[in-house]
Amino acid sequence: LNDFGIDIWSNNNFIIEEGKLKLNYKSKPSLISLVNSIRKKDYKGPLLFRFPHLIEKQIDRLYDTYTKAIKEYSYKGSFNAVFPLKVNQYPTFVKPLIKAGQKHNYGLEAGSKAELFIAMTYNKNAPITVNGFKDKEMIHLGFIAKKMGHNITLIIEGLNELETIIDVAKETKLQPPNIGVRVRLFNSGSGAWAKSGGIDSKFGLSSTEILEAYDQLEKNNLCEYLTMIHFHIGSSMNSIKPLKNALKESGHIYAELKNLGATNLSAINIGGGLAIEYSQFNRTINYSLHEFASDVIFTLKNIAKQKGVEEPNIFTESGRFISASSAVLIAPVLELFSAEYEAVHLRLKKKNPPLIEELNELYKDMKKKNALEYMHDSIDHLDSLLKLFDLGYIDLEDRSNAEILANLIIKKAISFLEVDDYEELKRIDNKIQEKYLLNFSIFQSLPDFWGIKQEFPIMPITHLDKKPTRSASIWDITCDSDGEIEFDPTKPLYLHDVNLDEEEYFIGFFQVGAYQDVLGMKHNLFSHPTEVNVLFNENDEVELEHIIESQKIIDILEDIDYDTNEIKAILNEKLDKDTYAILEKYLYDNSYLKTTWS
Ligand code: PLP
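**Q** What's the story with the domain arrangement of the chain in this structure? I'm lost.
**A** A common way to report how large an interface is uses the accessible area buried once the components associate. Under the domain assignment used here, the chain contains domain 1 (6-51 + 328-337 + 433-532), domain 2 (52-318), domain 3 (342-429) and domain 4 (554-587). Placing the centre of domain 3 and that of domain 4 at their C-alpha centroids yields a distance of 49 Å.

**Q** Where do I start with the site of the ligand in this structure?
**A** With respect to spatial proximity, 15 residues lie near the ligand, and among them Lys86, Ser235, Gly273, Gly319 and Tyr515 are the closest. Histidine 232 places a side-chain nitrogen or oxygen 3.1 Å from an oxygen atom of the ligand. Between an oxygen atom of the ligand and a main-chain N or O atom of glycine 319, the distance comes to 2.6 Å. Across the complex, the protein chains shield 93% of the 390 Å² of accessible surface that the ligand would expose by itself.

**Q** Could you clarify how one ought to interpret the packing of helix α8 (residues 207-219) against helix α9 (residues 241-260) in this entry?
**A** How two helices pack is summed up by the angle between their axes together with the distance between the axes. With their axes 12 Å apart at the nearest point, α8 and α9 run at an angle of 30° to one another. By the criterion of interaxial angle, the relationship of α8 to α9 is roughly parallel. Remark: the crossing between α8 and α9 carries right-handed chirality. Listed contacts from α9 to Ile210, Leu211 and Tyr214 of α8 are Ile253, Leu257 and Leu260. Partitioning the contact of α8 with α9 into residue classes produces 6 nonpolar, no polar and no charged.

**Q** Explain the packing of aromatic side chains here, please?
**A** Centre-to-centre distance and the angle between the planes together describe a pair of aromatic rings. The final tally for this structure, using the stated rule, is 19 aromatic pairs. Judged by centre distance (5.3 Å) and plane angle (75°), the ring pair of phenylalanine 14 and phenylalanine 510 falls under edge-to-face. One end of the pair, phenylalanine 14, is in strand β1 (residues 14-17); the other, phenylalanine 510, is in the loop between β18 (506-509) and α18 (516-519), and 496 residues separate them in sequence. Here phenylalanine 14 falls in the buried class, since its relative accessible area comes to 3%. Judged by relative accessible area, phenylalanine 510 falls into the buried class, the value being 1%. Each residue in the set Trp9, Phe14, Phe49, Phe51 and Phe510 is aromatic and connected to the rest through ring pairs, giving one cluster.

**Q** Help me out: how do you make sense of the sheet that holds strand β5 (residues 107-110) in this one?
**A** Reading around the circumference, β4-β5-β6-β7-β8-β9-β10-β11 is the order of the 8 strands in this closed barrel, with parallel pairing throughout. The sheet shows a mean angle of 25° between the axes of neighbouring strands, direction not considered. Bridge count between strand β8 (residues 178-182) and strand β9 (residues 226-230): 4 bridges; the pairing is parallel. In the sheet register, isoleucine 179 faces β9, and the bridge partner there is leucine 226.

So, how was this worked out
- Residues numbered from 1 in each chain as written.
- Predicted model: local features only at pLDDT ≥ 70, side-chain atom pairs only at ≥ 80, totals over all residues.
- Heavy atoms only, no water.
- Domains from an automatic or database assignment.
- Near = heavy atom within 4 Å.
- Polar contact = N/O pair within 3.5 Å; in protein donor to acceptor, adjacent residues only side chain to side chain.
- Areas by Shrake-Rupley, 256 points an atom, 1.4 Å probe, with all protein chains shown as cover.
- Axes fitted to C-alpha atoms, helices over the stretch in contact; angles between N-to-C directions.
- Helix = DSSP H or I, 4+ residues; strand = E, 2+ residues; numbered from the N terminus.
- Parallel < 35°, antiparallel > 145°, perpendicular 65-115°, else oblique.
- Left-handed = near helix turned anticlockwise from the far one by under 90°.
- Contact = heavy atoms within 4.5 Å.
- Nonpolar A, V, L, I, M, F, W, Y, C, P; charged D, E, K, R; others polar.
- Phe/Tyr/Trp six-rings, centres within 6.5 Å; stacked < 30°, edge-to-face > 60°.
- Buried < 20%, exposed > 50% of the residue type's maximum accessible area, 1.4 Å probe, protein only.
- Pairing = 2+ DSSP bridges.

This is the structure:
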């Protein structure tokens, strides 16, 4: 059997029981039961499940681990965290997040004006930090948020932003918000998103600029508002060493500024970077959350002691760690490409080319002991027959017979081999893959796979009491050859050989709650999947909330600025009444495939 690495990536969020993947929480519903309840309501196509209890679990883990480490080291500073909205701004995610974080005073981070509006509206009394490039209007928004009573820190990315803060303070006579300084560290991060840190980073002030900023603050009597030093060395750090270096660097900058007279400077904001496990094959992160938190506290404590300054409060902005596990995408399999290669489709002639006759013999005579040898022979024969077709020596019927026979032989061989020759199967995988066509869009739902080949755990949500025997590549329904997750022999994905005429088969994609839905693209005009929040009532029963159906075609067209009345008028004019009525019904469907098993 194959557990698809859930011990590696799932953090006990899911379990396999009775051949089904189940949520390891409350009444432990199987994912297939959730899928079925949604599909009963006639929502077809891909489904995105959000699990708010998993958001809460991660927030609690973060606070509990830091609280323990603070106690362990008798650290005097406090621990604070904010969620970076860029990782997921959707209300169906953000509202449960705010609710789950309230007991810890968990705040929000905004990186643009639109995100700042979300934070100003929905944040309760928790801290708000603001990163990213800011114009005068955005800085003014920060002043207004402060006036509303928010505990807000504008983190400057350059000296010009400080100058604007000084201007806005003078012009509006409003009390300034807290000011933070993003430092451009010499040390950069590790992992796929390491570019955010380092001396050539797009963000932050150099040491010369920090000293200049401090002078400006003093000259304008604003030193009391300087409260925070900030850095972010990149998302998803798979090694902890760069963090340690960055902590030392920023810790000393903090201490130096304190000793210069920045009396209200009280916090170091370490940005994000906490990784989660995306691999289902081997562990790729070389630290634990406990180690991460202990390193932060230990390093900052030592520097504070060395430089004789108070121990700073700690802020973190981890978003991936909080959100990734909270969403799961489930897509129905529409087709297995080899399904068309069935014996009933053979058109054998009275006299066939010798290689076809041989294939037919191999198929009939195959036994367990010769299965492997016959399978290799059939692959060679198919190669030769395809060449003969190109040279004009065999016809289309022969070619079709060759393809069907070779596929039948491979399937028969796998059924023999599956018992005890799995290793051999692995060795020859490249030649005998099955292609699974799924009703979803990789561009919309796994943009990081398309953009940077980010791995995500993938597994079927049923059939888990059976051995998966087909090495699989996954195809989406976009008309784009990039819409494929190719079989990778170094990270082999095996799926089940199913007959879709008789049973349904759904594939889950995990850890998709960070960045994926907000970065998703409407390539081919496939919009977001149908989404739903899975909650539990006081009797531990599942309640499906906020079902948001995938966008209707008419709305997708309107979103890209088509005049939909014009579209309807043109089509109406060209069609009779009855046909137009059907067409209008289709226009109000979503764009994913709908019929039969979709
Ligand atoms: N804070 C800042 C300033 C960021 O740029 C980012 C992401 O790049 C984050 C926090 C979130 O980091 P992560 O994705 O590692 O949670």
